[in-house]
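Structure at a glance
Here's the letter readout for the chains.
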Amino acid sequence: MAESIYRALRDGALEGELAPALTIKDSVASPFALQVFSHVISQLFSSILAGKSQSRGLVVVSFSRSPSFYLDLLKNKGTDVASSNKQIQILDCYSDPLGWKYQLAGSRNFTALSNEALVSSNAIVFREVKHMDKLYNSIIELGKGLVGGGKIRFSIAIDSADEMLRHAPVSSVARLLSNLRSHDQISSIFWLLHSDLHEARVTAVLEYLSSIVASLEPSHQLANGQRGDLENFSLIKHNSKKGKFHVRFKKRNGRVRVMSEEVHIEQSGINFTSLPSEGAINQGLVPKVMVNPYKFMMAGDLWWIANMRDQLLQWKMCRQTRTAAVVRLFITVIQMMRCLILMRTQMMIWISDYACPIC
């Protein structure tokens, strides 16, 4: 199953279609998303170096880890980073995310900047993480610097959607990810998310933008949600070394393919094994996706629909007062047009999203 994720990111996007997008999410009960994220980076970059990927370069946007973390990660996997600096760039949003160090240095009150900015020529410091438009432009510029223009593509890895959501509203973050995914030179994009840091609706938005969602869950649930007794302590210790890895693929025919494996965290790295037969998911039971058009509408839009229905009933009962009825009908028609435009726009997004052959 992990191989299926890697293959989808490696093969990239077809002409005129959205790039594959992967959300890797975990929680405090099974905090292994970083290990999975690092594994995906190393596998994808190896295929880029070998020329087996549609992508010809990798841009890593580092929020939660320093650039040296990723350079050391690739070195430990046997990659000669010095000779491959033309195929990877790191946008450093970790060292000075808000530009405070730069401002202090400019005022001569602070002379020692972090050495992270000088790790290597692979890292470029970004100091305006609150501005998603500037972040988008910086990512695209770095990618084009790696592969040039034309139809040559590159991949993007964002190590923390949480940090973006910390500095910008979910609408701005969603727009950034959507614009990156629809860019002609993006081959694939993936990001890390700690789901228990956000409301369910925020997680749902990022999952909706993804063509692949990988979720990490504990192997054993704690009894009654408590951690005090000896039995639960044993389960916590067990969950610190392994967990369940569920992956949901959205396919172009509207179906969702669900797969599950067991993930083991070891000193040598991360390993994936098949679940026992009783824990496996029967893919034949996964139904065709039935999209509820009201699910993704705002609460205000749903209120407009309910109010519109009430006004239609009132208009029927008030035929004697012609003038008031005509005004009320006019307002109702305008509200109906507004709702139809919203639903039509949402349907176009669904069509463009679900028409892509991700797997």
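As recorded in an unreviewed UniProt entry, the protein chain goes by Elongator complex protein 5 and comes from Gossypium mustelinum. Recorded in UniProt under Sequence similarities (unreviewed entry), the annotation for the protein chain is "Belongs to the ELP5 family." One UniProt comment on the protein chain, placed under Pathway (unreviewed entry), says "tRNA modification; 5-methoxycarbonylmethyl-2-thiouridine-tRNA biosynthesis."

**As for the overall build of the protein chain**
On a plain count of helices and strands, the protein chain comes out with eleven helices and ten strands. Long-range contacts, defined as pairs at least 24 residues apart, comprise 75% of the intrachain contacts of the protein chain with a sequence gap of at least 6. A total accessible area of about 19400 Å² is found for the protein chain, and carbon and sulfur atoms account for 56% of it.

**Some words on the nonpolar core**
I5, L22, F37, I41, L58, F190 and F245 are the most contacted members of the largest nonpolar core, which totals 37 residues. The leading source of residues in this core is helix α2 (residues 33–49), at nine residues. When near neighbours in sequence (up to four residues on either side) are disregarded, I41 contacts L58, Y70, L74, A157 and F190. Judged by nonpolar contacts, the second largest core, of 36 residues, contains F63, I139, L142 and L177.

**Description of the packing of aromatic side chains**
Describing an aromatic ring pair means giving the distance of the ring centres and the angle of the ring planes. For the coordinates displayed, the defined rule picks out four aromatic pairs. Centre to centre, the rings of F37 and Y70 are 6.5 Å apart; their planes meet at 70 degrees, and the pair counts as edge-to-face. Of this pair, F37 sits in helix α2 while Y70 is found in helix α3 (residues 67–76), placing the two residues 33 residues apart along the sequence. Exposure class is identical for F37 and Y70. Each is buried. With a centroid separation of 5.2 Å and an interplanar angle of 45 degrees, the aromatic rings of F245 and F272 are classed as tilted. Note that F245 is positioned in strand β8 (residues 242–250) and F272 in strand β10 (residues 269–274), a separation of 27 residues in sequence. Here the aromatic cluster, defined as three or more aromatic residues joined through ring pairs, consists of F37, F69, Y70 and F190.

**Remarks on the pairing of strand β9 (residues 256–266)**
Among the eleven residues in β9, eight count as buried, and that is most of the element. The pairing of β8 with β9 spans nine bridges and is antiparallel. The residue bridging H246 from the neighbouring strand is S260, located in β9. From the end of β8 to the start of β9, which pair antiparallel, there are five residues, and G254 there has a positive phi angle of about 90 degrees. Pairing between β9 and β10: six bridges, direction antiparallel. Counterpart to H264 in the pairing with β10 is N271. Hairpin connection, β9 to β10: the antiparallel pair is bridged by two residues.

**As for the environment of S42**
Here S42 is to be found in helix α2. Looking at S42, the relative accessible area reads 5%, which means it is buried. In this structure, the C-alpha to C-alpha distance between S42 and T79, residues 37 residues apart in sequence, is 8.9 Å.

**Examining the pattern of salt bridges**
Counted under the stated rule, the structure contains eight salt bridges. Here D96 ties to R127 by a salt bridge, and the two come within 3.2 Å at their closest N and O atoms. Of this pair, D96 sits in the loop between β3 (88–92) and α4 (100–106) while R127 sits in the loop between β4 (123–125) and α5 (132–147), placing them 31 residues apart in sequence.

**Focus on the environment of R248**
Note that R248 resides in strand β8. Through-space distance from the C-alpha of R248 to that of L22 is 9.8 Å; in sequence the pair is 226 residues apart. Excluding anything up to four places from it in sequence, R248 contacts E207, S211, I212, V213, V256, R257 and V258. Within the structure, R248 has its side chain in polar contact with the side chain of E207 (distance 3.2 Å).

**Some words on the sheet that holds β9**
Pairing is mixed in the open sheet, where ten strands are placed in the order β4-β3-β2-β5-β6-β1-β7-β8-β9-β10. Every other strand in the sheet has two partners, leaving β4 and β10 as the edge strands with one partner each. Averaged over all pairs of adjacent strands, the angle between their axes in this sheet comes to 20 degrees, without regard to strand direction. Pairing between β3 and β4: three bridges, direction parallel. Each residue of the ladder has a partner; that of D92, found in β4, is V125. Here α3 sits on the sheet in contact with β2 (55–62), β3 and β4, set at roughly 155 degrees to β3.

Parameters at a glance
Residues numbered from 1 in each chain as written. Predicted model: local features only at pLDDT ≥ 70, side-chain atom pairs only at ≥ 80, totals over all residues. Heavy atoms only, no water. UniProt positions renumbered as here; feature names shortened; annotations may be inferred. Helix = DSSP H or I, 4+ residues; strand = E, 2+ residues; numbered from the N terminus. Contact = heavy atoms within 4.5 Å. Areas by Shrake-Rupley, 256 points an atom, 1.4 Å probe, with all protein chains shown as cover. Core = buried A, V, L, I, M, F, W, Y, C linked by side-chain atoms within 4.5 Å. Buried < 20%, exposed > 50% of the residue type's maximum accessible area, 1.4 Å probe, protein only. Phe/Tyr/Trp six-rings, centres within 6.5 Å; stacked < 30°, edge-to-face > 60°. Pairing = 2+ DSSP bridges. Salt bridge = Lys/Arg side-chain N within 4 Å of Asp/Glu carboxyl O. Polar contact = N/O pair within 3.5 Å; in protein donor to acceptor, adjacent residues only side chain to side chain. Axes fitted to C-alpha atoms, helices over the stretch in contact; angles between N-to-C directions.

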